[in-house]
Structure formats: C-alpha cells, structure tokens
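Understanding the architecture of this molecule
So you can see what is in the structure, the chains are spelled out below.
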Amino acid sequence: MSELVSLIGTLVAATALAMVHLLASRVHSLGILPGRVWLSAGGGAAVAYVFVHILPELGRGHRVVGESAMIGGILERYVYLVALIGFILFYGLEHLAQRGISRETATINTWVFWVHIGSFGAYNALIGYLLVHRDVQRPVVLVLFAGAMGLHFLVTDHGLHKHFQELYHDVGRWLLSTAVLVGWAIGQMVPVSETQLRILFALLAGGVILNVMKEELPEHYDNRFKPFLAGATGYTLLLLSI
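None of these values were measured; they are calculated from a predicted model.

Describing the overall build of the protein chain
Along the protein chain, the regular secondary structure elements total 8 helices and 0 strands. Walking the protein chain from its N terminus toward its C terminus, one meets helices and strands in the order α-α-α-α-α-α-α-α. Classification of the 242 residues of the protein chain by burial places 46% in the buried group. When contacts within the protein chain are restricted to residue pairs at least 6 apart in sequence, those whose partners lie at least 24 apart make up 83%.

Let's talk about a nonpolar patch on the surface
On the surface, a nonpolar cluster with roughly 420 Å² of combined accessible area is contributed by Leu 81, Leu 84, Ile 85, Ile 88 and Leu 203. Considering each element in turn, the nonpolar patch owes the most residues, 4 residues, to helix α3 (residues 79-99). As for its position among the elements, Leu 203 is in helix α7 (residues 194-216).

Side note on the packing of helix α1 (residues 2-23) against helix α5 (residues 139-164)
At their nearest, the axes of α1 and α5 sit 9 Å apart, and the two run at 15° to each other. Viewed along their axes, α1 and α5 adopt a mutual orientation that is roughly parallel. Note on packing geometry: the crossing formed by α1 with α5 is right-handed. Each of Gly 9, Thr 10, Ala 13, Leu 17, Val 20 and His 21 in α1 lies in contact with α5, whose residues at this interface are Leu 142, Ala 146, Met 149, Gly 150, Phe 153, Leu 154, Thr 156 and Asp 157.

Remarks on the packing of aromatic side chains
The full count for this structure, using the stated rule, is 7 aromatic pairs. Taking the centre distance of 5.0 Å and the plane angle of 65° together, the rings of Phe 90 and Tyr 123 count as edge-to-face. Note that Phe 90 is positioned in helix α3 and Tyr 123 in helix α4 (residues 110-133), a separation of 33 residues in sequence. Phe 90 gets classed as buried once you look at its relative accessible area, which sits at 7%. Residue classification places Tyr 123 among the buried residues on the basis of a relative accessible area of 4%.

Observations concerning the nonpolar core
In terms of nonpolar packing, the biggest core is built from 57 residues, with Tyr 49, Ile 54, Ile 127 and Tyr 235 touching the most fellow members. Within the residue set of this core, elements represented by two or more residues are α1, α2 (35-66), α3, α4, α5, α6 (166-189), α7 and α8 (225-240). The element contributing the most residues to this core is α5, with 11 residues. Beyond its immediate sequence surroundings of up to four residues, Ile 127 is in contact with Leu 17, Phe 145, Met 149, Phe 153 and Leu 204.

Let's talk about the confidence of the model for the protein chain
Here the protein chain averages 78 in pLDDT, and 77% of its residues register 70 or above. Summarising per-element confidence for the protein chain, the mean pLDDT is lowest in α2 (74) and highest in α6 (93).

So, unusual backbone geometry
In this structure, Gln 165 is a non-glycine residue whose phi angle is positive, near 50°. Along the chain, Gln 165 turns up in the loop between α5 and α6.

Here's the deal with the environment of Asn 211
Among the secondary structure elements, Asn 211 is positioned in helix α7. Between the alpha carbons of Asn 211 and Val 47 there is a distance of 9.9 Å; along the sequence they are 164 residues apart. Polar contacts involving the side chain of Asn 211 include one to the main-chain carbonyl oxygen of Gly 207, which spans 2.9 Å.

Overview of the packing of α5 against α6
The N-to-C vectors of α5 and α6 enclose an angle of 145°; their axes lie 9 Å apart at closest approach. As α5 packs across α6, the resulting crossing turns out to be right-handed. Facing α5, whose interface residues are Phe 153, Asp 157, Leu 160, His 161 and Phe 164, α6 presents Glu 166, Leu 167, Tyr 168, His 169, Leu 176 and Val 180. Looking at the contact of α5 with α6, its residues break down into 7 nonpolar, 2 polar and 2 charged.

Let's talk about α8
The terminal C-alpha atoms of α8, which comprises 16 residues, lie 22 Å apart, in line with the 22 Å expected from a rise of 1.5 Å per residue. All of the buried residues in α8 are Pro 227, Phe 228, Gly 231, Ala 232, Tyr 235 and Leu 239. The arc that holds the buried residues of α8, viewed along the axis, is 135°, so those residues lie on one side. What points out from α8, more than 90 degrees from its buried face, is the exposed set Phe 225, Lys 226, Leu 237 and Leu 240.

About the cut-offs
- Residues numbered from 1 in each chain as written.
- Predicted model: local features only at pLDDT ≥ 70, side-chain atom pairs only at ≥ 80, totals over all residues.
- Heavy atoms only, no water.
- Helix = DSSP H or I, 4+ residues; strand = E, 2+ residues; numbered from the N terminus.
- Buried < 20%, exposed > 50% of the residue type's maximum accessible area, 1.4 Å probe, protein only.
- Contact = heavy atoms within 4.5 Å.
- Patch = residues over 30% accessible without salt bridge, like charges linked within 9 Å, V, L, I, M, F, W, Y side chains within 5 Å.
- Areas by Shrake-Rupley, 256 points an atom, 1.4 Å probe, with all protein chains shown as cover.
- Salt bridge = Lys/Arg side-chain N within 4 Å of Asp/Glu carboxyl O.
- Axes fitted to C-alpha atoms, helices over the stretch in contact; angles between N-to-C directions.
- Parallel < 35°, antiparallel > 145°, perpendicular 65-115°, else oblique.
- Left-handed = near helix turned anticlockwise from the far one by under 90°.
- Phe/Tyr/Trp six-rings, centres within 6.5 Å; stacked < 30°, edge-to-face > 60°.
- Core = buried A, V, L, I, M, F, W, Y, C linked by side-chain atoms within 4.5 Å.
- pLDDT = per-residue confidence, 0-100.
- Polar contact = N/O pair within 3.5 Å; in protein donor to acceptor, adjacent residues only side chain to side chain.
- Nonpolar A, V, L, I, M, F, W, Y, C, P; charged D, E, K, R; others polar.
- Expected span 1.5 Å × (residues − 1).
- Arc of directions from axis to C-beta.

Spelled out as structure tokens, the structure:
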C-alpha cells in the first residue's frame, strides 16, 4: 500500500512539474501579481534551495563517493568537480544560444535550439528521476522539492522563451514537459547505486547553480527585491522546519 501511495505521489509531482512549462506563459496574464514578481519570488526560492539544500547535499555526496570501492580514489575528493562540469556545460550551452541568434535578423540556428532543448530535456529528466529516488519519506518533503523545482522551471522557461520565442513555445516546451515524465518512468524501472545517484545529483546541482546565476538573480531594475527576499526566506524556513 505504501508503495502505491509513493507511486501516485511522485507521479502527481512529476505531472505538476511537466505542466509548469505548458502553463508558464500564462503567469504574466493572471493579473494577480506582475510577472516580474513571480519570477523574483521563484528566484529567491531557488537560491535558498541551492544554499540550504544543494550545497549540504554535495557535502554528503562527497563522503558517499569517497567510500565507494567502485570509484576508489579517483573521485574521492572531486564530487564538486562533477558539479563544476555541470555548471560549465550549461554555461557553454547558454553561450551557444547567444551566438546562434543573429543580431541582424533575429533568426535562430536550428541546431542551437535542438542542442539547448536536448540538454534541458536531460536536465528535466534527471529531476523527474530524482523525484523517485530522493529520500522522500514524508509527503511534505516531496511537496517542497517539487515546489522548488516548479519555481525553478518557471524562471528557466522564461529564459528559454526569451532566446527561442515561437520555436520554444510551439515545440520546446512540450519536449521539456515530456522529459520530466520520461525521467519519472525511468526512475520507476532503473535503479542506480547510491554513488551513482550522488554523482548525478552533483551534475544537476551545477546546472541549477548556473541557472540561478543566469536567470534568477536580479539583474535588471525591474526585478523585485522584496518578493525575491520573501521567496528566499519562506523557502529557507520550510527547509529548516523538516
């Protein structure tokens, strides 16, 4: 019975995350709060997630990897290197996206779009996979993780739409939504060792940190510090309470 409840709970969370990409464009038209407020609040929550959860998780991953006989001494001290690789990978993809957009005609190289969507599809699939394999014993933990990733998706969706516009709206967002569910399905069928899971999480962490810096930290005068602070404070308190 508990396995069935866990299955349903993680499926609902994966479906909700998949829907974020499909509905993100409507956030600005809700009329309840300006779109910039939503983005700043989401950015604050994601930053809190990085500093309160991801960095401690990498510390625990360091110890797990260091104890692994499979890895031995090769990555004993270098789980943070995996996170750095994730950071550099997504930075490089962002650089490609910027260069792939013609300043004169505002056209987009199709291959740049597919590389970008492919990488974010893998990113989303990994998050869907981690929904199943994280240490989620209580519903509140699952809700907090899915909520943080949903806010993170909301902001990264904004950046992808800014780069690729109609191409992302017509094709990309559907693929990213599907990727979350594919990752969840793989998680149900393909288990990994604790060491492999920590390495995957470190790679994901690097991507999250890059996206926080690139899209979620206020960089324009129309960003809102108060909702950013509220998002960071609220999510930090939630994390510390569990």
